[in-house]
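# What the coordinates show
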Amino acid sequence: MAEYLFKIFRYDPDKDEGTKGRVQEYKVDVQEGWTLLDVLVHIKWFMDGTLTFRRACSHGICGSCGVTINGKNGLACETQIKDLGTQVITVEPLRGFRVIKDLVVDMEPFYDKLYAVKPYLIAYTPPPTDGERFQSPEDRRLLDGKYECLLCGCCTSSCPTYWADKDFLGPCALLKAAKFSLDSRDEGWAERVNAIDDKHGIWRCHTIFNCVEACPKELNPTRAIVELRRMTLKGRL
Amino acid sequence: MSEKFGDYRGSFKCVESVPPEEAKELHEPVGVDLHNVHRHDAVIVGAGLAGEYAALELKKAGHDVAVLTKIFPTRSHSTAAQGGIAAALANLEEDHIEWHFFDTVKGSDFLADQDAAELMVREAITVVYEYEHMGVPFSRTPDGKIMQRYFGGHVKDFGRGPKVLRACMAADRTGHALLHCLWENCVKLGVRFYPEFFVLDIITEGDRCLGLVAWDLINGGVHVFHAKAVLFASGGYARLFNISTNSRSNTADGLAIMMDNGFPIEDLEFVQFHPTGIAGKGFLITEGARGEGGYLINDKGERFMTRYAPSKMELAPRDIVSRAEWQEIMEGRGIGGQEYLYIDLRHLGAEKIKERLPQIRELSMKFAGVDPIEAPIPIQPTAHYSMGGIPTDINCRVLADGKSKWLQGMWAAGECACVSVHGANRLGTNSLLDASVHGRRAGKDMAAYLEVVECWEPLPVDCAKRAIEEVEWVLNADGDERPGDIRETMQVNMYRKCGVFRNEQELTEMYDIIKDLQRRYRNIRIDDKGTRFNLDLEETIELRHLLQTAEVIVAGALNRTESRGAHWRTDYPKRDDENWLKHTLAWRTEEGVRFDYKPVVITRFQPEERKY
């Protein structure tokens, strides 16, 4: 057990409207094995019920609790306090998104980017009526590193290009586009390329690699964007 | 058994029907802004596999469907399922629907309704192929088919043979792959979602459901959803326990709302404890880890399952493995005498672990500080799944009396429902299957119903009253008790006193604790008095839902004086078919819990002794 100081961003839409929000400090005795989400829940249940954040699964699979921790994006539920290496810990909402309340941000613009890339398998050849379509293990392996995405927003929120250009599709949506474009079963490239071959699409990425660093699942959206560029150029030839 | 979906023609008429164009003016619920009254053909609560599958079926049939979820759809707890979805595809070796049927019934300790179980295993094949066609990134066999793995309780030849490869898998992220795929297809078809809407009540008149009332979490405000057809796919309640695999959002909302409205709940005493939750936390280590060959070992390094299930060992069903673990712990063979054991994967080798159990490796590194390639993972039984729920028929229609009378206009599917396909104990990989098959069935049946029913029934003007009163009461609650204290007391005690092993004394103590917590709940205060994104408000109402549900679980566990499946009474350690081969129906009233029973549907397999 050790005492840590948490500096947490607060914004109450009823009281703080028109301001940039404030920072509130909480001293918490952190138990062995506690994650940041454990701390946030502890504060909410036993110290200050007004502290507001999103959370669900609590073990890094639902993607609800993306926040900025000591300046770096991550999921609160799988961030071990002792691994942060500091006694003073700052917690802020994901940047690049409008704050609704405290650590809760408006993710709608982020989801809109996903909808724009046609985030679903497009197949015109009818599948067999009494069985699965076949896919070789090698073809299936191309989806590894892409299908695991949680849509937590940590990548897009960390992207300086997205901060500057809110129409940029962003790493998450483009990773999603790559997932389908690289699926041997997908026949939707001609449709999907229209959405991504755009100045706010694949060409806007400056390969800064913040998204790679931010992804809690260690996925690589930058590489996916490069693959999409290659496919797009190949299609133009 | 009916494979058909509702031939509803001529079966009933709308009473006092109002043409849709005139109807709006007639239905102005008191206390609700008219902009907050929504009308859809069908309204679904919950966006897990059951809710989204139903939404797709309704949308494909051309109906206007809305899905309410208190979180964003892809955060639903189906995403946390890991190991697989069962279907006798026989992609790698011989398998048959009938074997899957038998295993499900035997796994249920013969409490499953066999007509429903048979239907589920038959439709399993269709559902898995549909998933593949929709785009699920299943793992593949060398010849390109859907990969399947071993799971507990799934065996060959009507229980007589060895284990069988039946669990269709996407590595160890199967739930995530299925849920995201369904959501993607909902996006494709333009299903209307209301994310971050928290359901507070259903609207009924007589034995008919007319819609529901919900709270808009982001903006605040009570909304009324007026619908011809309502589906609850609202999930389970295992957050009642402090050691749990479940999401913080699994808080029994659907069950409690049904109880509030005087409807019964079925078989709630059957709570599944998963044998391998990360020690002290409860997070899931998939049964697939044992399916791939993982061992369970105690402090002496013994594979203790030899004592409890010498034939199937670690792949015995979950109730049996969880009891074996707890027995080892009670007899002092937990690791270092503590309340945990080990699952050892080291002999599988790094390659297999990385290829087939990548998420397990990640979870144990992040939450147990252990790389399973190098060291065993500390585990303990963890609250996981509700076998019981809202009683429905095989077309997922909610039964107002729990037995035969339909609550017209209402369906339930997934973990919140009890068809019953799982009886007293669910087999691993049958939950994704149940949610998918019954979500699909509910959607098809609702679509058939909507073909016939053209009108919305007028809403009672006071339909939102109870919900508004509850929200106002919570927002103004200014007593002395913190909801957090009440919740923690409930969770810690439920795991101790209403867990893997139960007895009359501890259950009676637990019942008194719950009654005391319910009294304390009336004297709570909450800090957040605002209306916008008030998580304090939501969690406090969820706590009421949990306390009510806990009361029925404990009362049911006290009432059932036998041991069957996941419900094990040390003071009644035998299954008692003479008196208890029947489903419990429980009504929660202010005076306590009232019980009734209904027979188990037995079509093919007579109850026999259950050994593995």
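Presented here is an overview of the structure given in this document.

Calculation notes
The residue numbering used here restarts from 1 in each chain and proceeds along that chain's sequence as written. As they are written, the chains are lettered A onward and the ligands numbered 1 onward, keeping that order. Whole-chain, interface and lining totals are the exception, using all residues; otherwise, since this is a predicted model, local features are given only for residues with pLDDT of at least 70 and side-chain atom pairs are given and counted only at 80 or more. Excluded from the side-chain calculations are hydrogens and water; all other atoms, namely the structure's heavy atoms, are used. Here, residues are in contact when the closest pair of their heavy atoms is within 4.5 Å. As a working definition, buried area equals the accessible area (1.4 Å probe) given up by two parts on being put together, with both sides summed. By salt bridge we mean one thing: a side-chain nitrogen of Lys or Arg within 4 Å of a carboxyl oxygen of Asp or Glu. N or O atoms closer than or at 3.5 Å make up a polar contact, with two conditions inside protein: a donor-capable atom paired with an acceptor-capable one, and, for residues adjacent in sequence, both atoms drawn from side chains. The numbering of helices and of strands both runs from the N terminus, where a helix is a DSSP run of H or I of at least 4 residues and a strand a run of E of at least 2. Classes in brief: Ala, Val, Leu, Ile, Met, Phe, Trp, Tyr, Cys and Pro nonpolar; Asp, Glu, Lys and Arg charged; the others, Gly included, polar. Criterion used throughout: strands pair if DSSP finds at least two bridges between them. By convention a nonpolar core is built from buried Ala, Val, Leu, Ile, Met, Phe, Trp, Tyr and Cys residues, the set being connected through side-chain atoms within 4.5 Å. Categorising residues by exposure relies on relative accessible area from a 1.4 Å probe, with only protein chains included: less than 20% of the type maximum marks a residue as buried, more than 50% marks it as exposed, and the intermediate range marks it as partly exposed. To estimate how far a helix should reach, multiply one less than its number of residues by 1.5 Å. The term disulfide is used for any two cysteine sulfur atoms that are within 2.5 Å. Crossover handedness is defined by viewing with both strands directed away from the observer: a clockwise path from the first strand over the helix to the second marks the crossover as right-handed.

## Observations concerning the interface of chain B and chain A
Between chain B and chain A, the residue contacts involve 66 residues of the former and 66 residues of the latter. With both chains or domains summed, chain B and chain A bury close to 5600 Å², and 52% of this area falls on carbon and sulfur atoms. Viewed at the interface, chain A and chain B are joined by 12 salt bridges. A salt bridge links Lys179 of chain A to Glu184 of chain B, with the shortest nitrogen-to-oxygen separation between them at 3.0 Å. Our count for the chain B to chain A interface comes out at 42 residue pairs in polar contact (both at pLDDT 80 or more). Secondary structure elements with two or more residues in the side of chain B that touches chain A: helix H4 (114–134), helix H5 (174–189), helix H10 (358–368), helix H13 (483–497) and helix H15 (535–559) of chain B. For the side of chain B that touches chain A, the leading source of residues is H5 of chain B, giving 6 residues. Counted by class, the side of chain B that touches chain A contains 21 nonpolar, 20 polar and 25 charged residues.

## Considerations on the sheet that holds strand S5 (residues 167–168) of chain B
All names here are of chain B. Spatial ordering of the open sheet is given by S3-S5-S4, a layout of 3 strands whose pairing is antiparallel. Because the sheet does not close on itself, it has two edges, and the strands there are strand S3 (85–86) and strand S4 (148–149). In terms of strand pairing, S4 meets S5 through 2 bridges, oriented antiparallel. Looking at S5, one finds that Arg149 is bridged to Ala167.

## Considerations on the nonpolar core
One finds Phe6 and Leu36 of chain A together with Ile85, Tyr131 and Trp411 of chain B to be the most contacted residues of the largest nonpolar core, which totals 133 residues. When near neighbours in sequence (up to four residues on either side) are disregarded, Leu36 of chain A contacts Phe6, Val67, Ile69, Ala76, Thr79, Ile81 and Val91 of chain A.

## So, helix H11 (residues 430–452) of chain B
Taking 1.5 Å per residue as the helical rise, H11 of chain B with its 23 residues ought to reach 33 Å, and the 33 Å between its terminal C-alpha atoms agrees with that figure. The buried fraction of H11 of chain B amounts to 20 of the 23 residues, a majority that puts the element mostly inside the structure.

## Description of the state of the cysteines
All names here are of chain B. With the rule as written, the count across this model stands at 0 disulfides over all chains. The cysteine Cys186 is free of any disulfide, with Cys181 supplying the nearest cysteine sulfur at 9.7 Å. For Cys186, a relative accessible area of 0% puts it in the buried group. Note on Cys463: no disulfide assigned, nearest cysteine sulfur contributed by Cys209 at a separation of 11 Å. Given the relative accessible area of 9%, Cys463 is considered buried.

## A short note on the pairing of strand S1 (residues 37–45) of chain B
Residue and element names in this part refer to chain B. Counting buried residues in S1 gives 8 out of 9 residues, a clear majority hidden from the surface. When S1 meets strand S9 (residues 222–232), the two strands line up parallel, connected through 8 bridges. The residue of S9 that forms the bridge with Val45 is Phe232. Inspection of the sheet shows S1 paired to strand S2 (residues 65–69) by 4 bridges, in the parallel sense. When the bridges of S2 are listed, Ala42 appears paired with Val65. Each parallel crossover has a hand, and for S1 linked through helix H2 (residues 49–60) to S2 it is right-handed.

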